[in-house]
Structure formats: structure tokens, C-alpha cells
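The residues making up each chain are set out below.
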Amino acid sequence: MRKMQEQIIDDLKVSPSIDPKEEVEKRVKFIHDFMQKTGMKTIVLGISGGQDSTLAGRLCQLAVERRRQETNDDDYQFIAVRLPYGTQADESDAMEAINDFIKPDKTMRVNIKPATDAMVKSLEEAGADISDFNKGNIKARERMIVQYAIAGQYGGAVVGTDHAAEAVTGFYTKFGDGGADITPLSGLDKRQGKALLQYLKAPANLYEKTPTADLEDDKPMRADEAALGVCYEDIDNYLEGHVIAEKAATKIEDWYKKTRHKRHQPITPLDTWWK
Ligand SMILES: NC(=O)c1ccc[n+]([C@@H]2O[C@H](COP(=O)([O-])OP(=O)(O)OC[C@H]3O[C@@H](n4cnc5c(N)ncnc54)[C@H](O)[C@@H]3O)[C@@H](O)[C@H]2O)c1
Ligand SMILES: Nc1ncnc2c1ncn2[C@@H]1O[C@H](COP(=O)(O)O)[C@@H](O)[C@H]1O
Ligand SMILES: O=P(O)(O)OP(=O)(O)O
Ligand SMILES: [Mg+2]
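Residues numbered from 1 in each chain as written. Chains lettered and ligands numbered in written order. Predicted model: local features only at pLDDT ≥ 70, side-chain atom pairs only at ≥ 80, totals over all residues. Heavy atoms only, no water.

**Q** Explain the sheet that holds strand β3 (residues 106-109) to me, and be specific about the residues and the numbers.
**A** Sheet strands pair via backbone hydrogen bonds, and the direction of the pair is either parallel or antiparallel. Spatially, 4 strands are ordered β3-β2-β1-β4 in an open sheet, and the strand pairing comes out parallel. Each having just a single partner strand, β3 and β4 (157-158) make up the two edges of the open sheet. Pairing of strand β1 (residues 42-46) with strand β2 (residues 77-82) involves 5 bridges; the strand directions are parallel. Across the sheet, the residue bridging to isoleucine 43 is phenylalanine 78, located in β2. In the packing of helix α6 (residues 132-154) onto the sheet, the strands contacted are β1, β2, β3 and β4, and the crossing angle to β1 comes to about 170 degrees. (Pairing = 2+ DSSP bridges. Helix = DSSP H or I, 4+ residues; strand = E, 2+ residues; numbered from the N terminus. Contact = heavy atoms within 4.5 Å. Axes fitted to C-alpha atoms, helices over the stretch in contact; angles between N-to-C directions.)

So this is what it looks like as C-alpha cells:
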């Protein structure tokens, strides 16, 4: 195995193989234990209609139900949040995930378009040109603001859907979808997440669909793999310790180095890792 590959696997704590049943239990227990320890009774997560939030959402709902049952306290709740930017192309997937699989205690919907557009307008009036790509990151941060507003109101926690196949490339918006209190999918790669959804009997179309951040107006539903220049099959194989093509391995390692800052707390004068 490549030396850097070994370091990355160790850093992101990826297992070369998993037992989906055990992983589901471990991660439901993690969310359950977090609520028990902190006393928090509300868990909040944006549901996009993609694989990761479908899985994390179901794990959250199962954990909340377990905690509610053992305490007889009906204040425990999972709030699924729909956060479209105007009209969302795969809205029906999001609603299928919510209604047919996650079955959350509560669903809220906040259209992030007015806030995003108002922010872009104010920035442009201040003389800052905002590219479509940069606007995409503003959308992700607006989603973070909404989830924290809901969590703040209920004294709850915000869930992030980051996992090893995103963490390795830093494929998330810093303090946007990267901003969260707990990340129950950490350490899993993309195909392992899919295996958990299969075990949980999720609708197949929700874990077979093409992963997308869907952040850009100019490139709606753009596949993550197109933006990254490397496919999840290669990323997963790399994270599970397999030999992959040199070009793909170099690409992954370049992303890893470039996005190192995202996997740390803000850099302080006492830090040296970034030098
Ligand atoms: N449709 C899409 O697929 C789409 C659209 C938009 C964004 N994205 C993805 O979302 C992610 C977010 O984009 P991003 O990474 O450009 O934006 P980001 O905001 O997440 O990170 C960039 C910010 O990080 C900080 N930063 C950069 N280098 C640093 C360093 N060396 N040390 C400390 N801080 C540093 C700076 O504040 C910079 O503005 C990317 O992976 C991107 O590809 C995807
Ligand atoms: N349209 C959306 N509605 C609700 N939540 C969303 C939406 N888009 C993204 N999210 C949340 O952000 C994460 C990250 O999404 P990526 O596709 O990985 O960029 C997603 O899991 C949702 O929690
Ligand atoms: O984070 P999600 O739920 O949008 O999943 P994906 O990354 O597969 O789009
Ligand atoms: Mg998505």
C-alpha cells in the first residue's frame, strides 16, 4: 500500500470491510448515547434526497425512538429539514426518503433562495463579485444557518453527513454542510454507506442515484465525480486499502493535501501542522 494511503486510512479510520448490521447498531447507539450524555432531546438534519442524508436521517430517527421508548419522554424528537433552493429537481426523492423510509417525528421546510439571493445582492452592492461556484457555498452555509436556528430553538444538535469518502477529498463547504455537532457516518466510505441502506431496506433508487452537491445554478445536479475528477469507486477502493490507478491515487492525495485545513480547527499561532 502507498505510504500516504496508509496514513489517510488511519486518519479517517476506515475499515477494509464492515458488517452492516453491526455498523447500524454502533451508529444508532452513538446518537443515542450522545443524547443521553448531553441531555439534548432534539436532533436536526437537512434531508436532500441523496444517499448520505437518507442514511443519517434514518439512523437519527431510530436513535430518537430508542431514547423515547426507554425514557417514556415524548420530548425526544428528530426534525428532518427540507432546504430547497427554490424548486429542487429531485424533490420527489427527498420526499420519498422522508415519507417512505426515514419517517421522522417532524418535517420542516425552509426555502433558502430568498436568503441566499439577498446575501448575494448585498455582497454585489458592496462591490464583491460572487461567482456561481461561490454562491453554491453560500447556499450550503444558508442551510447550516437554518439547521442551527432550529437546533437553537429546541436546544438540539445539528447532524452532519460527512463520511470518509467526502472527508478524504474535503468535498464539503467549510462551515456549510461541514458545520455540525455530530457526524454519525464518519469512517464509512460511499459503498459502505450504501450497504447500510441496503441492510435497512431503503428504496434502492435512493442509494443507487448519482451523488450530487447540486450547488451550482449553472450546472444543476452536477455529479460530485465530475467536480472531483475521480470516481467514488476509486475513492472507496483507495480507502479500503486496494491498489488503484496511479492517476486516481494522485488525484485523491492532491485533494487530501489541499483540503487539510478543513479537517482541523481554525489555525492558531500555536499550530505548526500547516507549515
Ligand atoms: N456542484 C458542485 O459539485 C459544487 C458546487 C460548489 C462547491 N462544491 C464543492 O464544495 C466544496 C467547497 O468548495 P471550496 O473548498 O472551494 O470552498 P470552502 O468554502 O469549503 O473552502 C474554501 C475556504 O477555505 C479557506 N481556506 C482555503 N485554503 C486554506 C488553507 N490552506 N488554510 C486555511 N484555510 C483555507 C478559505 O476561507 C477559503 O475561502 C468543494 O469540494 C467543492 O468542489 C461542489
Ligand atoms: N436541498 C437540500 N435540502 C436539505 N438538505 C440538504 C440539501 N442539500 C444538501 N443538504 C444537506 O447537506 C448535506 C451535504 O450534501 P452533499 O450532497 O453531500 O453536498 C446533505 O447530506 C444534507 O444534510
Ligand atoms: O449528502 P446527500 O444526502 O445529499 O448525499 P449525496 O452526497 O450522495 O448527494
Ligand atoms: Mg447531495
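**Q** Lay out helix α1 (residues 3-12) with the relevant residues and their values.
**A** Counting along an α-helix, one turn takes 3.6 residues, and residues three or four places apart therefore face a common direction. Burial in α1 covers these residues: Met4, Gln5, Ile8, Ile9 and Leu12. One face of α1 carries all of its buried residues, which in axial projection span an arc of 135 degrees. Turned more than 90 degrees off the buried face of α1, the exposed positions are Lys3 and Asp10. Close packing links the buried residues of α1 with α7 (164-167), α11 (232-239) and α12 (246-258). Positioned one or two residues after α1, lysine 13 has a phi angle of 55 degrees, which is positive. (Buried < 20%, exposed > 50% of the residue type's maximum accessible area, 1.4 Å probe, protein only. Arc of directions from axis to C-beta.)

**Q** Describe the layout of surface pockets, listing the residues and the values that go with them.
**A** In this approach, a probe sized like a water molecule rolls over the atoms, and the result shows the empty space that is left. Considered as a void within the structure, the second largest pocket measures approximately 560 Å³ in volume. Contributing to the lining of the second largest pocket are 21 residues, with Asp162, Tyr172, Gly178, Lys262 and Arg263 lying nearest its centre. A per-class count over the lining of the second largest pocket returns 8 nonpolar, 8 polar and 5 charged. (1 Å grid on protein atoms, 1.4 Å probe; cavity = no way out; pocket = protein on both sides within 12 Å on 5 of 7 lines; lining within 4 Å. Points joined across faces, edges and corners; volume = space filled by probe spheres on them. Nonpolar A, V, L, I, M, F, W, Y, C, P; charged D, E, K, R; others polar.)

**Q** Give me the lowdown on the UniProt feature "binding site: Mg(2+)" (unreviewed entry) in the protein chain, citing residues and values where you can.
**A** UniProt records the feature "binding site: Mg(2+)" (unreviewed entry) for Asp52 and Glu166 in the present numbering. Judged by maximum C-alpha separation, these annotated positions cover 115 residues in sequence but sit close together in space, the widest gap being only 10.4 Å. Within the annotated group just given, the residues that line the largest cavity are Asp52. Counting through the fold element by element, aspartate 52 comes out in helix α3 (residues 51-71). In this structure aspartate 52 comes out as buried when scored by relative accessible area, which is 9%. Excluding residues that lie within four positions of it along the chain, aspartate 52 makes contacts with Thr161, His163, Glu166, Leu185 and Lys190. Residue position: glutamate 166 is located in helix α7. In contact with glutamate 166, other than residues within four places in its own chain, are Asp52, Thr161, Phe171, Tyr172 and Tyr232. (UniProt positions renumbered as here; feature names shortened; annotations may be inferred.)

**Q** Lay out the site of ligand 1 with the relevant residues and their values.
**A** Around ligand 1, the surrounding shell holds 14 residues, and the nearest of these are Arg141, Phe171, Lys174, Glu216 and Lys262. Interatomic distance of 2.7 Å between a side-chain N/O atom of arginine 141 and an oxygen atom of ligand 1. Burial of ligand 1 by the protein chains amounts to 65% of its free accessible area of 850 Å². By residue number, the principal contributor to the shell around ligand 1 is α6, which donates 3 residues. (Near = heavy atom within 4 Å. Polar contact = N/O pair within 3.5 Å; in protein donor to acceptor, adjacent residues only side chain to side chain. Areas by Shrake-Rupley, 256 points an atom, 1.4 Å probe, with all protein chains shown as cover.)

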